[in-house]
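For reference, the chains in residue letters:
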Protein chains: 2
Amino acid sequence: MKALRFEQGRLALVRGLPRPVQQGEALIRVTMAGICNTDLEIVRGYGGFTGTLGHEFVGVVEESPEASQVGVRVVGEINAGCGRCACCKAGDARHCPERTVLGIVSRDGAFADYLSLPPANLLAVPDEIPDHIAVFAEPLAAASEVLEQTGIGSGQEVLILGDGKLGQLIARVLLAAGCRVRLIGKHAGKMKVAEDAGIETVPLETARNWLPCAADFVVEASGSPSGLQLALDLVRPRGTIVLKSTFHDKAQLDTSRIVVNEISVIGSRCGRFRNALDLLSRGVLNLEGMISAQYPLDRGIEAIECASEPEALKVLLIP
Amino acid sequence: MKALRFEQGRLALVRGLPRPVQQGEALIRVTMAGICNTDLEIVRGYGGFTGTLGHEFVGVVEESPEASQVGVRVVGEINAGCGRCACCKAGDARHCPERTVLGIVSRDGAFADYLSLPPANLLAVPDEIPDHIAVFAEPLAAASEVLEQTGIGSGQEVLILGDGKLGQLIARVLLAAGCRVRLIGKHAGKMKVAEDAGIETVPLETARNWLPCAADFVVEASGSPSGLQLALDLVRPRGTIVLKSTFHDKAQLDTSRIVVNEISVIGSRCGRFRNALDLLSRGVLNLEGMISAQYPLDRGIEAIECASEPEALKVLLIP
């Protein structure tokens, strides 16, 4: 099979690889995969990953120890735990200290003809969700995690920093949850996509002029080391910042601001797929507008370049 | 009167100043004041304050619009609000955007013969608390704020980074609240003081060898920009870091760790004096050992130098 791999500091489309068959795991034929900012950050050096990239996918189970899974169209939780630690025993492999993570930590990913995951990680995709929407399950689960971790709920005002893929998805999730959302960004095309989905947008320069601002909740999804500092300017004393961005660089941060204003900064990563699939089934998120391009996996390197463009949103790969 | 002032980038003991009489406020004759790390940070440039330093004090009211306060021995909340904003109306001037703060923001402080505060800021000191203990009310209130803001309570394990004044007080407060406390530090003398108060101590180098650690709660009170990074190493996934240190420098921070491990970082500053006075009345905190030296205000500059020594804990000033 072929796969888009990051090895020895460079991207390469590698052919003639064996299928990633793992004892006790399911083998999934990937039908569509999505490029995430984490993939782009890995190519810039984040996390020190070597192997096949990609963790957003939809596919069909070809082999599985669970016979009922064979032939089923699935998405999959990307964290595979040890099964023995306290986290795993509590049913949450997301924080298992020995976890592997699809295409991110010690496990080949989804930019390939096939991938392998434990059967327990897989969820059947309802028929009403087409592949190009089901592929959003993983980032949408991550976006939904914001609701699970914080007191954010219906009627609350939330500022979201970043008009990229994650910011756009978080805005859609919070809007669907009944929040008053304002998305702060600087890319005209991306802002238009958000507006088309009914999201109120605010140009970054306008938001900078609000200072001092007093938002109850600010979600930092700009993907930039300077985003947290801006979030600190926008949040009210004793307010909450949800931190979503991961990147290769360290951030320069005036942590005294966190202390003096008694801010809560809450890190947020992967979420529950069940919530995401429920949201996708409802069909209310206007995700089509977020698809910037679709490439065959053969042109995967080009697709990564496309996804790195400032105005790009979701770029999909088809093996 | 005389006062220890920070003006034009330098410390000076200034004599012949008028008493700080303010319309509608009480005039307090300071009988004892304490030097805090914030005072030392201001001298290093933190916060851009100009004026009389000092915010930890005990004194006697000489004049007040509240006649019943005259002659009463008091401590005082250091934040003076506008009285009109939402924070002030909710009874909490600590986050009033227009607040002045005794010896920290736009208000002359306690390293002087006299200071001025609104009558509502003053609390009578119970007779059983002597001056050299009552002067701990402000930092002890700040230490108690950790309990008010977090889920930390009886039976919980807490690591505290920093064997300085604030770390020592937080350890005492949490120990009194029934927590299992371990204080991580690097100064032999200070660690001994903590041990004498019944606090379990761990040398910094030992704690570094714990990595990866998995503490539920880590309180960062090291006063160092590197403290938060160590706290991130010590806390478990989905654990809580309480951030107490304020300093002049920015911190270099791997914020992706906060995201990946879904850490909550909670800034914590000033607390309620009532709680602190109640604790002081109980007389269980072993504070005497924390007093490193006592100086007349005339030797205030020398006292600041003494308080800056690595092994110094609380240095008191007597006007």
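Turning our attention to the relation of the copies chain B and chain A. Once chain B is rotated about the relating axis by 180° and shifted along it by 0.0 Å, it coincides with chain A to within an RMSD of 0.0 Å. Read as a symmetry element, the transformation amounts to a two-fold axis. Of the residues that chain B buries at the interface, 100% are likewise interface residues in chain A, meaning the two copies contact each other through the same surface.

This next bit is on the interface of chain B and chain A. Accessible area lost on assembly of the parts is the figure often given for the size of an interface. Counting from both sides, the interface comprises 35 residues of chain B and, opposite them, 36 residues of chain A. Taken together, the two surfaces of chain B and chain A that pack against each other cover about 3000 Å², and 51% of this comes from carbon and sulfur. Interface area lost by chain B to chain A is led by His95, Val259 and Glu262 of chain B, which between them contribute 20%. Across the contact surface, chain B and chain A share 2 salt bridges. Close ionic contact of Arg238 of chain A with Glu145 of chain B constitutes a salt bridge, the shortest N to O distance being 2.4 Å. Our count for the chain B to chain A interface comes out at 13 residue pairs in polar contact (both at pLDDT 80 or more). For the side of chain B that touches chain A, the elements supplying multiple residues, two or more each, are helix H4 (137-149), helix H8 (227-234), strand E15 (235-243), strand E16 (251-253), helix H9 (255-260) and strand E17 (264-267) of chain B.

The next point concerns the sheet that holds strand E13 (residues 200-203) of chain A. Strand order in the open sheet formed by 12 strands is E13(A)-E12(A)-E11(A)-E14(A)-E15(A)-E17(A)-E17(B)-E15(B)-E14(B)-E11(B)-E12(B)-E13(B), with mixed pairing between adjacent strands. Looking at strand neighbours, the two that pair on one side only are E13 of chain A together with strand E13 (200-203) of chain B, the edges of this open sheet. Strand after strand, the sheet turns through a mean of 20° between neighbouring axes, direction not considered. In the sheet, strand E11 (residues 157-161) of chain A pairs with strand E14 (residues 215-220) of chain A via 4 bridges, with the strands oriented parallel. By the bridge assignment, Leu159 of chain A is partnered in E14 of chain A with Val218 of chain A. Against the sheet, helix H5 (residues 165-176) of chain B touches strand E11 (157-161), strand E12 (180-185) and strand E14 (215-220) of chain B, its axis set at about 170° to E12 of chain B. Where H8 of chain B meets the sheet, it contacts E11, E12, E14 and E15 of chain B, and its direction lies at approximately 150° from that of E15 of chain B.

Taking 1.5 Å per residue, 12 residues should reach 16 Å; H5 of chain B reaches 17 Å between its end C-alpha atoms and fits that length. Within H5 of chain B, 9 of the 12 residues are buried, leaving the element largely enclosed by the surrounding structure.

Definitions and cut-offs
- Residues numbered from 1 in each chain as written.
- Chains lettered and ligands numbered in written order.
- Predicted model: local features only at pLDDT ≥ 70, side-chain atom pairs only at ≥ 80, totals over all residues.
- Heavy atoms only, no water.
- Least-squares fit on C-alpha atoms with pLDDT ≥ 70 in both.
- Contact = heavy atoms within 4.5 Å.
- Buried area = accessible area lost by both parts, 1.4 Å probe.
- Salt bridge = Lys/Arg side-chain N within 4 Å of Asp/Glu carboxyl O.
- Polar contact = N/O pair within 3.5 Å; in protein donor to acceptor, adjacent residues only side chain to side chain.
- Helix = DSSP H or I, 4+ residues; strand = E, 2+ residues; numbered from the N terminus.
- Pairing = 2+ DSSP bridges.
- Axes fitted to C-alpha atoms, helices over the stretch in contact; angles between N-to-C directions.
- Expected span 1.5 Å × (residues − 1).
- Buried < 20%, exposed > 50% of the residue type's maximum accessible area, 1.4 Å probe, protein only.

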